[in-house]
Structure formats: structure tokens, C-alpha cells
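Given next are the chains, with one letter for each unit.
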Amino acid sequence: MTVNLKSFFSFRAYFYALPMTKKFSFLFLFLSFTFYAQLQSPSDFLGYELGTEFTRHAEVVAYFEHVAKESPNVIYKDYGKTYERRRLTYAIVSSQENLQHLEAIRTDNLKNAGLISGTSQPEKTIVWLSYNVHGNEASCSEAAMNTVYKLITEHPEYLKDVIVIMDPGVNPDGRDRYVHWYNQIRAIPYNASQDAAEHHEPWPAGRPNHYLFDLNRDWVWASQIETQQRLKIYNQWMPHIHVDFHEQFINNPYYFAPGAEPYHEMLTPWQRDFQHTIGKNNAKYFDLNGWLYFTRESFDLLYPSYGDTYPLFNGAIGMTYEQAGHGMAGLGIINDEDIELTLVDRIAHHTTTGLSTIEVASKNVERLNDEFRAFFKNDKLKYKSFILQGNPDHIKALTEILDRQEIKYGFLSKGKVKGFNYKTGKNGTIDVLNALVIDTDQPKGKMVHVLFEPQTHLTTPLTYDITAWSLPYAFGLDGIASTTKVSANDSSEIYSEIQPDARAAGYISKWNSVQDAQFLTALLQNGIKVRFSENELSFGGNEFGRGSLIITRSDNKTNENFDQQLIQIANKYKRKLYASPTSYADVLTDFGSQYVHLLKNKKVAILMGEGISSLNYGQLWHFFEKELKYPFTAINTRNINQIHWTDYDVLILPDGNYTFVTEEVFADIDRWIAGGGRVIALQNALSLFNEKDGFELQKNNVDEDDEGEKSKEGNLTPYAEREMHGTKNFITGSIFKIKLDTTHPLAFGLNEDYYSLKLGSDSYKFLKEGYNVGYIKGDAQVVSGFAGEDAKEKLKNSIVFAEAKKGKGSVIYLVDDVLFRTFWQNGKLILVNSVFMTPKDF
Ligand SMILES: [Zn+2]
């Protein structure tokens, strides 16, 4: 809402001279004329019929700016920028009356939930519509423009009691990647044949954001800048209803709520019921138009980091709406049922459900507010407190997530706590020291419970995503889930800056976190020489674990500012250094020992492009660039036969389908490894080395005899039970407790017990000659999530992390994802170790 001030003031003198009755009729005329006369439909504004072209993000923003300028019902704001500097925006749409009292309406809602103090009786409801979180589901932002226009011109009655917040583009970088590509390649008129190039996006496609993250999996971890900035606004508003607009494959009828099982048990009966109310209203309009739809069969409500579950765990009715379309559909395509699916139709459907949802909200204001208030009463939750201790850097990283979620926490300086022990998997009592305490007795208590409970209750394992994410395991922390409230009595430790010590022969720094690794890469890039010890160290009565960093004066004697520079970097990364006056250790090992090695500035290459999992490459890219802050060379798989291999020390092969590697290329890689190169193969990249000479890798297949028995019996599984029967082979993202050999450099800085997220049942035998660093010996131990019996059987005696030597080099096998969506904090150091921790004779 903007008003041209100059014309407004000249008009004002005239207006005050009028008699009262004239004033009113003039006022009405003034408002309706001045504000609406210029308001254009999306088609008029854009200069083409909506749905006949794809609209670039900047044009979508321009349209919303236009609407805000010309309509008194719309306020439009920026909430940030993407990695590629595109604007992140939201519109607030409501009656003029409401917009004048917006701040009171907003704070009344937060008071109602108990998120800020005070009492309130809210009489308005808040609906949040998110569009185009997946960039190539491109009808969504088009529908956003159509929806805002129709809402203010055709349905102003909905706005009397509803505040609608619209984010027309959650992922503008992804959307523009799709739209620019499509506009370049399309035929005019468009070609509806599935064979046409315009229906086949190139790698990495428009779905993810700049760093190739799926933003619809990032709501809780908020690792991406788009999510981080959006959550600040989300938390200011806390809507009662949230819709995340998506697209699915071209043959599917429209999908709207209710969602499918499994529903997380934290969802209230009301949240389940009201999905029907909304679904039936949508159905009414779809039936009227003769549009096909389905409900309840897919899109479950379990994993908490989606655009439907995240709002649900924050008290809202969270829903996903799915239109047929996505990156394949273009402006029009003939689907497998011989029906032409057009962008015009896709927009019409998403516009209809958006408006229908607002209509439902407008008719259920009191109920929505009452139930919203009730949701935030958390007196019946099983666990009252989670008390966690261990690696302080991991605790810090965890509190950063809690801060983004505006979840409160404290610390317990010392005490005994009892309850479910994450480490033993049983009830017990432990002593704690400087432990993190998170209570469920706070407005966001349900979300706390969902994130920290040891085991997620599942009604069925047939889910769309992982079944376990319990954060103590992901962060490698010990602790207790307590059914009684444990009070915090402290705040977090404050880092006190350290000073240079000119008498030091060298400084020692611990090695057990990504923060330590950030410190290392900063030192290396500032030309400071660093060593690491493969033995434990003892200096001046202090003990340091394997992998600890040693920065000696003798290595850095040509650097005149050695102490100052080192200490400055240490303070920046809040690292405590021990300054040793001598290189002579209390007990072996001295600084000059053969077990203390110089760390090198490794030249790292990572493969990307066709054949590589874009998500997996993206999280490596993000990790190196944003967390480790260490350069690497991205090499496109297209150019793999032109690489100057000797330019690199380390080659990382992300998860992917490696059939593109020819025998010649494999021979090049083989030679380079034998000459001293190191490959780090992640997940399915291991297949490249399976049963290849000298790489020791062999898949664990199910016992041949068993298979024989089964085939003799024949398949007697009833047809209707085929889906459930299939779950015996499933692992849907579950957490396994495995053993680490912490004397091997790959596991330096970690604990012997490691919690690994398994995304599938791929299983490899123990290496005969190489090092089995992380492994499952005997039965696989699942601590959280679902794993089918057959899948567990297959994982008996298998490697999780290993190293095979080849000539002067080696291959590191990482069977499981060590970064998963960047929240698997505990695994990150394994990747860092793989890159940097290489002893001379390693
Ligand atoms: Zn989607």
C-alpha cells in the first residue's frame, strides 16, 4: 500500500471544504477510484496472458509491487536476498481496517500462543501461502500472482477476518534457473510432445536452491540463507494455516490434504480433523469444475523439516498442495493418458485451492484461534527435559539451530539426572557437567519433543523420507531424556581471549570438531605451518587426543608475526591453545616425533554434473565453501577425460551413478591413485570400485541359498499386501550405532561409538588388507527409525567407513552420508579427516 503524497495533499484541502455527507460519498469514491483504477490483472501488467509464458522472478516481484502500490489491501516487503542476490519477499493481504491494526493483530496472536507475555482474544486468523519452494514447479509463482489479484478483486469478504501472507517465491534462484533455461530452449508455439527438448531439464535442474539444497527439507535445520531469513518472519507471525504449493509428475491428479499415514503422533486430533474440512472445501470447487484429485494416499506427515510438517509442529494446519507439472511440463505437454496438461490449467488449480483455503479460514476464525492456543499447552508430553553433554563445539552448533527456531534452552553446571540414556539405550542415571538443557515446558515444546525424542513412533514405515533424526545422535552427544523437569541453572561458557606467548616452542590445539577444522584451514590459508599427531599427546600435564594440531615456532621461524597472527586466528575461531615452552613431551610423543606430520594445503577436486547426485554434490559444495571455507575445483563429469590429474591431491566422488566412467578414465584414476592420489568415494560412488582389481571392495549380497529357498516356495504374498511386504528390505533413513577405530586418522577426534544415518541397505564386506575404520560387527544395531528384517540381516558384518591402500595412494570408502542435509554434525569431521589427515606413510 503506497500513496502518492503530492496528489494526496493537494486533494486534502479540497476534501476538508466539503460538507460531511459529501465527504463520505467522496471518500468512498476516492478510495475505490484512486486505488483500484490503476490495478491491473497479471495478464495486463505482464503483457501476455497468464500461463502463456513463464514469468521471471523479478517480474513476479514487479507485479506484487504494482499490486501493493495500487491496492489498499496489500503491503509488500522484502525479507532478504538469496545466495544469487535475488529478492526474497512477502505480501500481507487483508482488509484496510486490519492492515491499520496489523501490529496489534500480530502480537495478539503471539500472546494467544504464549510466545510473548500478555493475554489476548484474537478475532483474526492468519493464513500463510508459500509458492515455488521447488524452483522448477513453476506454476506456483504464476498462481501466486493470480491468487493475490483474485483475492482482492473478487473475494474481499474473505479478508475481513483473515490476514493472508503470501511468499510468491521461496526459491527464486531455482525458479529462475528453470525459467531462463525454458525460455531459451522452447519452441514457439510450445511443443507438447514428451520427446521435445523443452521437457528435459539439464543437470542440476531447477528444483533446488543455489547450493542445490532441497529447501523443502531444510525448515528445521535452516542451513540455507533462504530458510534462515524466512523463519524470522514466520516466527513473527506464526500462522494458523500454512500451504506449501508444489508440483508432481505430469500424470497425477491434483493432491490436497488430508495427508497420508504415517502422521507423527505429536499432531493433535484437531490438526488431523481440520485437514478434512479444508480438503472438502477444495473438493467442492474441483467437483464443480470436473477436475480430478486425490487425498490421503501419499505425502505423509512425519519428518519435521517440510513445509507441511514444520508448520504442524508449530501449531498450524500445515499442508502440501500438489499439481501435476514440474520441470517436465513446460507450457504444455501431452501426458501418458493422452491429455494435454497446460500451464494455464496448472495455475487455475493452484489458484482455486489457495482461495478455497482462505475461505475456510475466514469461516473458522474462532475455532482456529482456540485450537491454536490449546496446541501450545504442553503439559501432557512424555519427556519434560532433554539434558545433553559432550563435545562443546557440537553443543554450540546445536544451540545455533535452536536459536533459529526460537527454542529456549539453558545449562546445568553440575548434577545427577535420570531417565532414558541415549548412549546405553536404557533408563539410568548419569552425572552431568555443563550440560545443555532443553525443556518441553515452553510454547515450542512439541517441536522440542519431536527433535529430541529417542524414537519416533511410526504407524507404518511407508514414508516419503527418513524415519529418524533424533538430534543427540546426529550431534554425537550423550545425555538423558527425562520424564521429570530438570531446571537449568547456568548460561553458556563465555570464551575469554588468549594472548601470545613469546616463550612458546609451540602451541597445541585440540581436534574434534568442524570448528577445529575451520581453524586449521584458516591457518593453512594464512601460510602458517601446522602439524598433527597420530599419537595422543601429553604436555605440561595436559592431555590431547589423536589428531591434535601442533603449531611450532621452528616450522614458522620465517614468519616475524607468528605469535600475533596465530593468536588472532585462534581468537577469531574461539580456539583455546596450550602454549608449551618445550618440544619435549611429558611422555612420548615430542613435537619432532616421526608420528607428528606436517599438514598440507590439499588441492581438492569434486566431481559434479550429469551422473552425480546434485543434492550430494550440493552439500559438499556448501560444506567446503560455507563451513570449512576451503577452496576446491569443481570438475564437470563431461570433462573427466581431460583432467590434469597431477594438479590434485584429493578427488571426491559424490553419490551418483558412475556408468559414465569409461575404462580409459578408470585407468587414469587408477594410475593417479597408485602415484599418491587419494579418492574419497561417497555412497554409490563405491560401486565404481566394487570387485575391481586392487581395491578390495566387495558387495555383501543376501545368502544365495536363502534366495533359492524363496524361489522354490514361490511368491505367496497377497497382491494387496505387496507394499507392506516390500518393507522387509527397507531402510528409510534410520540411525545405526557402529564402532569406530579411533586410532585411524579417518576417525581422529571422534568417539568409539558413532551414530550413522543409513539411507539404504547397501552393504560391503570387511576389507582384507585395508583398514576397516567404521563397521558393523555381528548384528546391526538400530537405535532409532525403521529398518526391515532383511535389510538388517544384509548389514551384518559390513563396513561403514574404510580405507584401501593402492600403491602410494588410497581410496576412502564412505558408505553412509556423513553430512546429511548438513545437520549430521557428528559425521563432518570424518570428511575433513579424509581430506587432511594423511600421515607420510599413510
Ligand atoms: Zn515440490
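Quick caveat: nothing in here was measured; it's all calculated off a predicted structure.

Engineer: Could you clarify how one ought to interpret the overall build of the protein in this entry?
Structural biologist: From N to C terminus, the protein includes 24 helices and 33 strands. Rg of the C-alpha trace for the protein: 29 Å, near the compact-globule value of 28 Å for 842 residues, within the 12% margin. Within the protein, buried positions represent 59% of all 842 residues. Taking all contacts inside the protein whose residues are at least 6 apart in sequence as the whole, residues at least 24 apart take part in 78%. Looking at the protein as shown, the accessible area adds up to about 35100 Å², and 50% of this sits on carbon and sulfur atoms. Here the protein contributes 86 positive and 104 negative side-chain charges, whose respective centroids are spaced 6 Å apart.

Engineer: Looking at this structure, how should I read the coordination of the zinc ion?
Structural biologist: For a metal with four donors in a tetrahedral arrangement, the ideal angle between donors is 109.5 degrees, while six donors in an octahedron ideally sit at 90 or 180 degrees. Donor atoms from the polypeptide that bind the zinc ion are His134 (ND1), Glu137 (OE), Glu137 (OE) and His246 (ND1), placed at 2.0 to 2.4 Å. Taken together, the four donor atoms surrounding the zinc ion define angles of 58 to 156° at the centre, an arrangement classified as irregular. Going along the chain, you hit the donors of the zinc ion in the pattern H-x2-E-x108-H. A residue pair is termed long-range when its members are at least 10 positions apart, and Glu137 in the loop between β3 (125-131) and α7 (139-154) and His246 in strand β5 (residues 241-248) qualify at 109 residues.

Engineer: How do you make sense of the nonpolar core when you look at a structure like this?
Structural biologist: Taken as a class, soluble globular proteins show a tendency for nonpolar side chains to be buried jointly. Ranked by internal contacts, the top residues of the largest apolar core, which has 178 residues, are Phe452, Phe624, Phe689 and Tyr813. Looking at this core, the element that brings in the most residues is helix α17 (residues 514-525), giving seven residues. Judged by nonpolar contacts, the second largest core, of 57 residues, contains Ile241, Ile278, Phe286 and Leu368.

Engineer: Honestly, the sheet that holds strand β18 (residues 531-533) in this entry has me stumped. Any pointers?
Structural biologist: Paired through their backbone hydrogen bonds, the strands of a sheet run either parallel or antiparallel. Spatial ordering of the open sheet is given by β22-β17-β21-β18-β23, a layout of five strands whose pairing is antiparallel. What marks the edges here is a single partner per strand, and that holds for β22 (578-580) and β23 (596-598). The sheet shows a mean angle of 30° between the axes of neighbouring strands, direction not considered. As paired strands, strand β17 (residues 506-509) and strand β21 (residues 549-552) are joined by four bridges and run antiparallel to one another. Looking at β21, one finds that Gly506 is bridged to Thr552. The strands touched by α17 are β17 and β21; relative to β21, the strand with the most contacts, the crossing angle is about 30°.

Engineer: Looking at this structure, how should I read the packing of aromatic side chains?
Structural biologist: Any pair of aromatic rings gets described here by the distance separating the centres and the angle formed by the planes. As enumerated under the stated definition, the model contains 59 aromatic pairs in all. The interplanar angle of 25° and the centroid separation of 6.1 Å between the aromatic rings of Tyr178 and Tyr182 together place this pair among those described as stacked. Taken together, the residues Tyr178 and Tyr182, both in helix α8 (residues 172-185) and four residues apart, mark about one turn of the helix. Each member of the pair Tyr178 and Tyr182 is classed as buried. Between Tyr234 and Tyr310, the aromatic rings sit 5.8 Å apart at their centres with planes inclined by 65°, giving edge-to-face as the arrangement. Placement of the pair is Tyr234 in helix α9 (residues 225-237) and Tyr310 in helix α11 (residues 309-313), with a sequence separation of 76 residues. With respect to burial, Tyr234 and Tyr310 carry one shared label: buried. Three or more aromatic residues joined by ring pairs form one cluster here, namely Tyr83, Trp203, Tyr211, Tyr617, Trp621, Phe623, Phe624 and Phe632. When the ring centre of Trp219 is taken as reference, the NZ or CZ atom of Arg230 above it lies at 4.2 Å. Above the face of the Phe375 ring, Lys446 is positioned so that its terminal group lies 4.3 Å from the ring centre.

What counts, and where the lines are drawn
Residue positions are counted from 1 within each chain, in the order its sequence is given. In keeping with the model being predicted, local features are shown solely for residues with a pLDDT of at least 70 and side-chain atom pairs are shown and tallied solely at 80 or more, while totals for entire chains, interfaces and linings include all residues. Calculated side-chain values reflect all of the structure's heavy atoms, with hydrogen atoms and water omitted. The helix and strand labels rest on DSSP assignments: H or I over at least four residues marks a helix, E over at least two residues marks a strand, and numbering proceeds from the N terminus. Atoms counted for the radius of gyration: C-alpha only. Globule rule: 2.2 Å times residue count to the power 0.38. Using a 1.4 Å probe on the protein chains alone, a residue whose accessible area is under 20% of its type maximum counts as buried, one over 50% counts as exposed, and one in between counts as partly exposed. The contact criterion used is simple: two residues touch if any of their non-hydrogen atoms lie within 4.5 Å. Values of accessible area rely on a 1.4 Å probe in the Shrake-Rupley scheme; residue burial ignores everything except the protein chains shown. When charges are counted, Lys and Arg are positive and Asp and Glu negative, with His and the chain ends excluded. Think of each charge as sitting on NZ of Lys, CZ of Arg, CG of Asp or CD of Glu. Only N, O and S atoms count as donors, using a 2.8 Å limit from the metal and a wider 3.2 Å limit for Na, K and Ca, and since water is excluded some coordination spheres may look unfilled. A four-donor site is called tetrahedral if each angle lies between 85 and 135 degrees; a four-donor site is square planar, and a six-donor site octahedral, when trans pairs exceed 155 degrees and the remaining angles lie between 65 and 115; all other cases are labelled irregular. Only buried residues count toward a nonpolar core. Its members are Ala, Val, Leu, Ile, Met, Phe, Trp, Tyr and Cys residues joined through side-chain atoms within 4.5 Å. For two strands to pair, DSSP has to find at least two bridges joining them. A fitted line through C-alpha atoms serves as each axis, taken over the contacting stretch for helices, and the angle formed by two N-to-C directions is quoted from 0 to 180°. The pairing test for Phe, Tyr and Trp rings, Trp by its six-membered ring, is centres within 6.5 Å, and the orientation test on the planes gives stacked under 30 degrees, edge-to-face over 60, and tilted for anything in between. In this analysis the charged atom, NZ for Lys or CZ for Arg, is taken to sit over a ring once it is within 6 Å of the ring centre and within 35 degrees of the ring normal.

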